[in-house]
Amino acid sequence: MGSVLNYIDCPNCEGEATDDFYYKTGEEYVNCGSCGYHFSATIINREKRLDLLDESDWEIKELKKPYGAYRIKTYQSIATQCGSLSNKKEYNQLIKTIKDDVDVEFCSISRFTKGKLVTETIVDMVEQRDDVVNPG
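Summarised in this report is the structure supplied together with it.

Calculation notes
- Residues numbered from 1 in each chain as written.
- Predicted model: local features only at pLDDT ≥ 70, side-chain atom pairs only at ≥ 80, totals over all residues.
- Heavy atoms only, no water.
- Core = buried A, V, L, I, M, F, W, Y, C linked by side-chain atoms within 4.5 Å.
- Buried < 20%, exposed > 50% of the residue type's maximum accessible area, 1.4 Å probe, protein only.
- Helix = DSSP H or I, 4+ residues; strand = E, 2+ residues; numbered from the N terminus.
- Contact = heavy atoms within 4.5 Å.
- Phe/Tyr/Trp six-rings, centres within 6.5 Å; stacked < 30°, edge-to-face > 60°.
- Pairing = 2+ DSSP bridges.
- Axes fitted to C-alpha atoms, helices over the stretch in contact; angles between N-to-C directions.

With that settled, consider the nonpolar core. Formed by 13 residues in total, the largest nonpolar core has its most connected members in Ile72, Leu85, Leu94, Ile98, Cys107, Ile109 and Ile122. Within the residue set of this core, elements represented by two or more residues are strand 6 (68-74), helix 1 (88-99), strand 8 (104-113) and strand 9 (116-124). Ranked by residues supplied to this core, first place goes to helix 1 with 4 residues. Excluding residues that lie within four positions of it along the chain, cysteine 107 makes contacts with Arg71, Ile72, Ile98, Glu120, Thr121, Ile122 and Val123. Cys13, Cys32, Cys35 and Tyr37 belong to the second-largest nonpolar core, a separate cluster that totals 9 residues.

Okay, here's the thing in structure tokens:
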């Protein structure tokens, strides 16, 4: 597969979103790490040739008005996990789970509300951990 990765204005918050377009298949994935907007167009019937696909062969998903976007960094990984929250129930569940997880080094949630992006830090152990790893 070949893809073109581009940065576009998010249709929800107008921040920077990534658009990953697979030019050989026509599949597309748009994600905004600021507000949680998500769009995906994925082929679900891989048995057909591309030129024979119709609407029933595609799965289209769009999270137009997300509750927010999260970023989680654990001590065991150099990567940061990012994702979208669909509603307040998912937000509350994430908060509950993260606050009790001793492996979480950093977690923040950003939301697009009342025309502004607002970021909430849930866990920030970066400085404390750095003191343990690099004493003095």
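By the definition in use, this model includes 2 aromatic pairs. Between tyrosine 22 and tyrosine 29 the ring centres are 5.7 Å apart and the planes differ by 90°, which places this aromatic pair in the edge-to-face class. A relative accessible area of 23% places tyrosine 29 in the partly exposed class. For the ring pair tyrosine 67 and tyrosine 91, a centre distance of 5.4 Å and an interplane angle of 55° mean the geometry is tilted. With a gap of 24 residues between them, tyrosine 67 in the loop between strand 5 (58-63) and strand 6 and tyrosine 91 in helix 1 connect regions that are remote in the sequence. Classification of tyrosine 67 by relative accessible area gives buried; the value is 16%.

Reading across the sheet, the 5 strands line up as 1-2-3-4-5 and stay open at both edges, with antiparallel pairing between neighbours. With partners counted over all chains shown, the strands left at the sheet margins are strand 1 (3-9) and strand 5, one partner each. Each adjacent strand pair in this sheet contributes to an overall mean axis angle of 15°, direction not counted. Bridge count between strand 1 and strand 2 (residues 16-22): 7 bridges; the pairing is antiparallel. Within the sheet, the bridge partner assigned to aspartate 9 lies in strand 2 and is glutamate 16.

This brings us to the side chain of lysine 73. Topologically, lysine 73 is positioned in strand 6. Setting aside chain neighbours within four positions, we find lysine 73 in contact with Ile78, Ala79, Thr80, Asp103, Val104, Glu105 and Phe106.

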